[in-house]
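Architecture and fold: a report
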Amino acid sequence: MAKSFHGQLFSNKVAFVAGGTRGINLGIAKAFAENGANVVVIGRNAERAARAQQEISDIGGGQALGLSCDVRDYDAVAAALKTTAEKFGTIDMLVSGAAGNFFAPLVGLSPNGFKTVIDIDLIGTFNVFRASFDYLTKPGASLIAITAGQSEQAMPFQAHAAAAKAGVNMLTKTLAVEWGPAGVRANLIAPGGIEGTEGVKFLSSTPEELEAAVKRVPARRLGQINEIADMAVFLCSDASAYVSGQLIYVDGGTLTGDGSFGCLNPLPR
Ligand code: COA
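Residues numbered from 1 in each chain as written. Predicted model: local features only at pLDDT ≥ 70, side-chain atom pairs only at ≥ 80, totals over all residues. Heavy atoms only, no water.

1. Some words on the site of the ligand
- Taken together, 14 residues form the shell around the ligand, and within it Arg 44, Arg 72, Asn 101, Ser 110 and Asn 112 come nearest.
- For the ligand, an oxygen atom lies 2.9 Å from a polar atom in the backbone of Asn 101.
- Side-chain polar atom of Ser 110 to an oxygen atom of the ligand: 2.5 Å apart, as the coordinates give it.
- Residue classes in the shell around the ligand are distributed as 4 nonpolar, 7 polar and 3 charged. (Near = heavy atom within 4 Å. Polar contact = N/O pair within 3.5 Å; in protein donor to acceptor, adjacent residues only side chain to side chain. Nonpolar A, V, L, I, M, F, W, Y, C, P; charged D, E, K, R; others polar.)

Following this line, the structure appears as structure tokens:
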């Protein structure tokens, strides 16, 4: 496998990426590795975790470790963080990106459907952040939560994700305020529509819907995973040393939550 390792920015640094076994979060994990970091990724599926470990390791930056772990299980998350610190040292970059979502109107959501997304996105982010404190590099650690435009702007069919991510926003901002004096920063990235991701697949199920969605993006294209990863690299580098508690959109200028899907009927006919 060709080595694409190309930087020393995070040489000897340690990254932990929850949900980093696929999609945007795997892209972030790879970008950390390309810059020399040792990277641990966790995800629910053991096979995907092993595959991600191999892919990150093939980059030839630092070492990689993929662990099977559900962010809904606090003890399992705490154990994964402990393993990371024991193997590589304290954690410099921590990403909470594990998410669950589907497209459903409020009247089609069961209590368990709503709770499941709150558990993965909001409780999961609490678990990852809360359990990390003892293992963070202090001062110096940078934490990132992946959020979404619907956390700030109502979007039909997304009540569960919108409520969960709104909680993630305030959890992260509060953490930035409380842990700032210890030298820990925390920020949020809200990706727009990113090509090839689950999010784009289920939020635009037909080519026509996708075309209409892209037309609403001022950049007139979907984003790329590496464009989210670049923001994560920035937020974990010294170039952003005085940036904390911020929610940054990487969405081609969409200011997402522009009434997308407002033309569809979320109520029973
Ligand atoms: N519409 C309405 N309800 C749905 C649904 C849908 N499309 N998909 C799942 N649910 C409900 C289920 O019916 C269930 O509720 P019930 O017990 O009342 O029937 C509840 O959600 C939990 O579903 P389950 O499949 O048991 O949960 P899970 O923990 O195995 O999976 C999900 C979690 C549902 C979020 C699943 O979509 C997932 O794992 N996604 C991971 C990837 C992902 O979504 N990424 C998003 C990136 S934006």
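2. A closer look at the pattern of salt bridges
- Throughout the structure, instances matching the rule amount to 9 salt bridges.
- Here Lys 30 and Glu 55 are joined by a salt bridge, their closest N and O atoms 2.7 Å apart. With Lys 30 in helix H1 (residues 23-34) and Glu 55 in helix H2 (residues 46-58), the pair connects residues that are 25 residues apart, well separated along the chain.
- Residue Glu 55 is classed as partly exposed on the basis of its relative accessible area of 31%.
- As a salt-bridge pair, Asp 119 and Lys 115 come within 2.7 Å of each other at their nearest N and O atoms. (Salt bridge = Lys/Arg side-chain N within 4 Å of Asp/Glu carboxyl O. Helix = DSSP H or I, 4+ residues; strand = E, 2+ residues; numbered from the N terminus. Buried < 20%, exposed > 50% of the residue type's maximum accessible area, 1.4 Å probe, protein only.)

3. Description of the pairing of strand E2 (residues 38-43)
- Where burial is concerned, most of E2 is hidden: 6 out of the 6 residues are buried.
- Side-chain alternation along E2 places Asn 38, Val 40 and Ile 42 on one buried face and Val 39, Val 41 and Gly 43 on a second face that is also buried.
- Across 5 bridges, strand E1 (residues 14-18) lies against E2 in parallel orientation. Each residue of the ladder has a partner; that of Ala 18, found in E2, is Ile 42.
- This β-α-β element, E1 to H1 to E2, shows right-handed connectivity.
- Pairing analysis gives 5 bridges linking E2 to strand E3 (residues 64-68), with the strands arranged parallel. From the neighbouring strand, Val 39 faces E3, where its bridge partner is Ala 64.
- In the classification by handedness, the crossover that spans E2, the intervening H2 and the parallel E3 is right-handed. (Pairing = 2+ DSSP bridges. Right-handed = clockwise from strand over helix to strand, strands pointing away.)

4. Examining the side chain of Ser 151
- Examined against the element boundaries, Ser 151 turns out to sit in the loop between strand E5 (142-146) and helix H5 (159-179).
- Its relative accessible area of 11% is what places Ser 151 among the buried residues.
- With sequence-adjacent residues up to four places away left out, Ser 151 is seen in contact with Ala 162, Lys 165, Ala 166, Asn 169 and Leu 247. (Contact = heavy atoms within 4.5 Å.)

5. A few points about the packing of H1 against H2
- Two numbers describe how H1 lies on H2: the axes approach to 9 Å, and their chain directions differ by 30°. As the angle between them shows, H1 and H2 are arranged roughly parallel. Between H1 and H2 the crossing geometry is right-handed. Contact with H1, carried on its side by Leu 26, Ala 29, Lys 30 and Ala 33, involves Ala 52, Glu 55 and Ile 56 of H2 and no other residues of that element.
- Taken together, the residues that form the contact of H1 with H2 break down as 5 nonpolar, no polar and 2 charged. (Axes fitted to C-alpha atoms, helices over the stretch in contact; angles between N-to-C directions. Parallel < 35°, antiparallel > 145°, perpendicular 65-115°, else oblique. Left-handed = near helix turned anticlockwise from the far one by under 90°.)

6. Comments concerning the packing of helix H3 (residues 74-88) against helix H4 (residues 111-132)
- It is the contact of H3 with H4, at a shortest axis distance of 9 Å, that shows an interaxial angle of 45°. Between H3 and H4, the angle falls in the class oblique. The interaxial crossing formed by H3 with H4 has right-handed handedness. Between H3 and H4, the contacting residues are Tyr 74, Val 77, Ala 78 and Leu 81 on the first element and Asn 127, Val 128, Arg 130, Ala 131 and Ser 132 on the second.
- The residue makeup of the contact of H3 with H4, split by class, is 6 nonpolar, 2 polar and 1 charged.

7. Description of unusual backbone geometry
- In this chain, Lys 138 is followed by Pro 139 through a cis amide linkage whose omega measures 5°.
- Within the element layout of this structure, Pro 139 appears in the loop between H4 and E5.
- With a phi angle near 75°, Phe 157 is a residue other than glycine that sits in the positive phi range.
- Along the chain, the position of Phe 157 falls in the loop between E5 and H5.

8. Some points on the environment of Gly 60
- Of note, Gly 60 is situated in the loop between H2 and E3.
- Taking the C-alpha atoms as reference points, Gly 60 and Gly 36, 24 residues apart in sequence, are found 8.0 Å from one another.

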